[in-house]
Amino acid sequence: MEEVEGGFYSKLCKKVGNIFPLRVYVGGKLEEKISFCGLPIRSYHVLNTFLFFLIISILLSIPIIYFSTQIGLFVLMGGIAISFYLFFYPYLLAWYYRVVAPSDLLLALLYLISSLKLTPNLEKGIQFAAYNTPRIIGRDLKFILWQILNKRIKSGEEGLKLLAKKYQEECKEFTEAINIVLAAQMKGEKERVKMYEEAIEVMIERGSDRMKEGARKARSGISIITYMGIFMPAVLISMVPILTLFMGNTIGPTTIIIIYNIALPFATYVLLTNYIKSLPISFSTINVSQSPDAIKFGRLRIRIGRKKSDFFFIFLPLLIPILTGYVGYNLIKGVDIYNGMRIVGGCLILGGIVFSTFLILYPYYSHNLKIYDRIRKTEDEFIEALFQLGMIMRNGIPLESAMIKLKERIGKYSEARRFFGYLLERMQTGRTLKESLFDERIGVVNWYPSELIRNVSKIFAESTKKGTISAADTLLTVSSFLKTARRAEEYTKEVMNEITSELSIMQLLLLPVFCGMVVGISGIIGLVLKQ
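Residues numbered from 1 in each chain as written. Predicted model: local features only at pLDDT ≥ 70, side-chain atom pairs only at ≥ 80, totals over all residues. Heavy atoms only, no water.

Asks: Can you lay out a nonpolar patch on the surface for me, pointing to particular residues and giving the numbers?
Replies: Together, Tyr326, Val327, Met341, Val344 and Leu348 give the surface a local cluster of nonpolar side chains, amounting to about 440 Å² of exposed area. For the nonpolar patch, the element with the most residues is helix α13 (residues 340-393), which contributes three residues. Along the chain, the position of tyrosine 326 falls in helix α12 (residues 315-332). Residue classification places tyrosine 326 among the exposed residues on the basis of a relative accessible area of 58%. (Patch = residues over 30% accessible without salt bridge, like charges linked within 9 Å, V, L, I, M, F, W, Y side chains within 5 Å. Areas by Shrake-Rupley, 256 points an atom, 1.4 Å probe, with all protein chains shown as cover. Salt bridge = Lys/Arg side-chain N within 4 Å of Asp/Glu carboxyl O. Helix = DSSP H or I, 4+ residues; strand = E, 2+ residues; numbered from the N terminus. Buried < 20%, exposed > 50% of the residue type's maximum accessible area, 1.4 Å probe, protein only.)

This is the structure we're talking about:
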């Protein structure tokens, strides 16, 4: 099976791992994690990759230590850290999959039930869910289909039970929901639809409770990250004058630069990445880079008449730090340490780097941030628009007429109105709903690269195949879920805001004290050394 994540990692392990003739199977938990993640490698590939990078880091650091002990030791420690990271990567990936599994299981259930309402066939429902659900759950559903085709399992019912058993620890409510769905297959149509709604309600209510519990558990994580990213740098910089005075031969400028500018930011980034992955999530993720209106990194968009053109201009800003660095270096070179020109030269070098970075990043982030805000606003309005559209269609009004009425009801400057307006324009040219939404060239969803909008649109397009009333019921169900998920998300933000506000107050009070200590201690040391 094709792996969902870790493609580069698997290729690296296969290429590097085959260099060593060792075929030692670590087995146990490592083999279990590799199998769980669906990585097409074995435990000996991981072990050989670990040994390869460990040996390379040792061999590389030896000649560097000969010239600079400090840099050589940091290279050695960095190589060891990378080696262990590669060894434990399957554990981290399995942990990440287990975190995101509940959200994707709910999405898979919505896809499954949308298909079952149209055609009460489990295998077709699994197929529809498999090709629309992202990440590991989509892969697991495809694996179920593969097992059915190759007669490894008897039916889709057995496959769904195996899937529920696999994630029973992370999402117990999915097992309950699947049992309800399977029991509904033996009922009449009206009772079957009612049981489908019950299964979705079970997932929504329990999922909301789990998101709130996850938000409460995340308190300690954000506190640690704040201390690592704000207070640790302040403490470190306050200790620099003392360390350089009493340990000048051991701790030089190179050591301080590596610790302060490389090691500490990297550790904070790793903690922040793991923290973000551990947060309770819904399926609302925005990838602005997929929008046709987005600007690629290092490009500048210029309007010439009605035409917009993107130019690659990254080389121009890069000339600025080169010029300011040359001028600043000449001002610093050969000047006494207490001469004010050293400050001017240092400011020129630093200012050139900062200004160049600003010129490169500002066009990219300012433009794409506007797109992000527009999509996020569309998501917020999308929930209420779906509910209103469902209520209109429930009266038996056809889809196009219902969207016209919806446009009349929602605000003139609403982003949701703009979304459905674009959709209606495409449908009035003779295209189907699916083509209007997902066509590679003109599909409306292309301009709204949000997982929430894309997933709901897929469910909506599938539900319309059975008729207006079925589509209306589906829209009302989905809007109900989104409202519940949004309430849980708002609760998560409130919990996070409580912590960040407290830490912000501490930051405003303590950081000036630390900075004052640095200036005072540096001044005292400077006077002592001068005398």
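That was the structure; now back to the text.
Asks: Give a detailed account of helix α1 (residues 7-17), specifying residues and quantitative values.
Replies: Looking at α1, one finds that the buried residues are Tyr9, Ser10, Leu12, Cys13, Val16 and Gly17. Each buried residue of α1 lies within a common arc of 160 degrees when the element is viewed along its axis, so the set occupies one face. Turned more than 90 degrees away from the buried face of α1 sit Phe8, Lys11 and Lys15, all of them exposed. The secondary structure elements touched by the buried residues of α1 are α3 (43-67) and α4 (69-118). (Arc of directions from axis to C-beta. Contact = heavy atoms within 4.5 Å.)

Asks: Account for unusual backbone geometry, naming residues and giving values.
Replies: One non-glycine residue, lysine 151, adopts positive backbone phi at about 60 degrees. Secondary-structure assignment places lysine 151 in the loop between α6 (135-149) and α7 (156-166).

Asks: Could you give an account of the environment of valine 456, naming the residues involved and the relevant values?
Replies: Of note, valine 456 is situated in helix α17 (residues 451-463). When the C-alpha positions of valine 456 and leucine 107 are compared, they lie 9.4 Å apart, and in sequence the two are 349 residues distant. Look past the residues within four positions of valine 456 in its chain and what remains in contact with it is Phe382, Leu386, Val478 and Leu482.

Asks: Quick rundown of α6? Include the residues and the values.
Replies: Relative to the 21 Å expected for 15 residues at 1.5 Å per residue, α6 spans 22 Å between its end C-alpha atoms, a close match to the ideal helical length. All buried positions along α6 are accounted for by Arg135, Ile136, Ile137, Gly138, Arg139, Asp140, Leu141, Ile144, Leu145, Gln147 and Ile148. Where the residues of α6 are buried, they touch α2 (28-37), α4, α5 (122-130), α7 and α17. Positive phi shows up at lysine 151, right after α6, with a value of about 60 degrees. (Expected span 1.5 Å × (residues − 1).)

Asks: Describe in detail the packing of aromatic side chains, supporting the description with residues and values.
Replies: In this structure the tally under the stated criterion is 17 aromatic pairs. On the numbers, 5.6 Å between centres and 50 degrees between planes, the contact of phenylalanine 88 with tyrosine 91 is tilted. Linking phenylalanine 88 with tyrosine 91, this pair stays in helix α4, spanning three residues, or about one helical turn. Both rings, one in tyrosine 111 and one in phenylalanine 128, keep their centres 5.4 Å apart while their planes meet at 85 degrees; by these two values the pair is edge-to-face. Of this pair, tyrosine 111 sits in helix α4 while phenylalanine 128 sits in helix α5, and the two are 17 residues apart along the sequence. Within the aromatic cluster, the residues linked to one another by ring pairs are Phe50, Phe84, Phe87, Phe88 and Tyr91. Over the ring of tyrosine 448 we find arginine 374; its NZ or CZ atom is 5.3 Å from the centre of that ring. Geometry around tryptophan 447 places arginine 426 over its ring, the cationic atom sitting 5.8 Å from the centre. (Phe/Tyr/Trp six-rings, centres within 6.5 Å; stacked < 30°, edge-to-face > 60°. Lys NZ or Arg CZ within 6 Å of the ring centre and 35° of its normal.)

Asks: How would you summarise the packing of α4 against α6 if you had to cite specific residues and measurements?
Replies: Packing of α4 against α6 leaves a shortest axis separation of 7 Å and a crossing angle of 65 degrees. Facing α4, whose interface residues are Tyr96, Tyr97, Val100, Ala101, Asp104, Leu105 and Ala108, α6 presents Arg135, Ile136, Ile137 and Leu141. By residue class, the composition of the contact of α4 with α6 is nine nonpolar, no polar and two charged. (Axes fitted to C-alpha atoms, helices over the stretch in contact; angles between N-to-C directions. Nonpolar A, V, L, I, M, F, W, Y, C, P; charged D, E, K, R; others polar.)

Asks: How would you sum up the confidence of the model for the chain? Please name residues and give values.
Replies: Summing up the model confidence of the chain, the mean pLDDT is 79 and the portion of residues at 70 or higher is 81%. Long-range and interchain partners of residues 1-5, a stretch whose pLDDT sits below 50, account for 16 contacts in this model, where long-range means more than four residues apart. (pLDDT = per-residue confidence, 0-100.)

Asks: Give a detailed account of the pattern of salt bridges, specifying residues and quantitative values.
Replies: Tallied over the entire structure, the rule returns nine salt bridges. Across the pair aspartate 104 and arginine 135 runs a salt bridge, and its minimum N-O distance is 2.9 Å. With a gap of 31 residues between them, aspartate 104 in helix α4 and arginine 135 in helix α6 connect regions that are remote in the sequence. Here aspartate 104 falls in the buried class, since its relative accessible area comes to 0%. On the basis of relative accessibility, which here comes to 16%, the residue arginine 135 falls in the buried class. One salt bridge connects aspartate 140 with arginine 139, and the closest N-O pair in it is separated by 2.6 Å. Taken together, the shared-partner salt bridges in this structure form one network comprising Asp104, Arg135 and Glu451.

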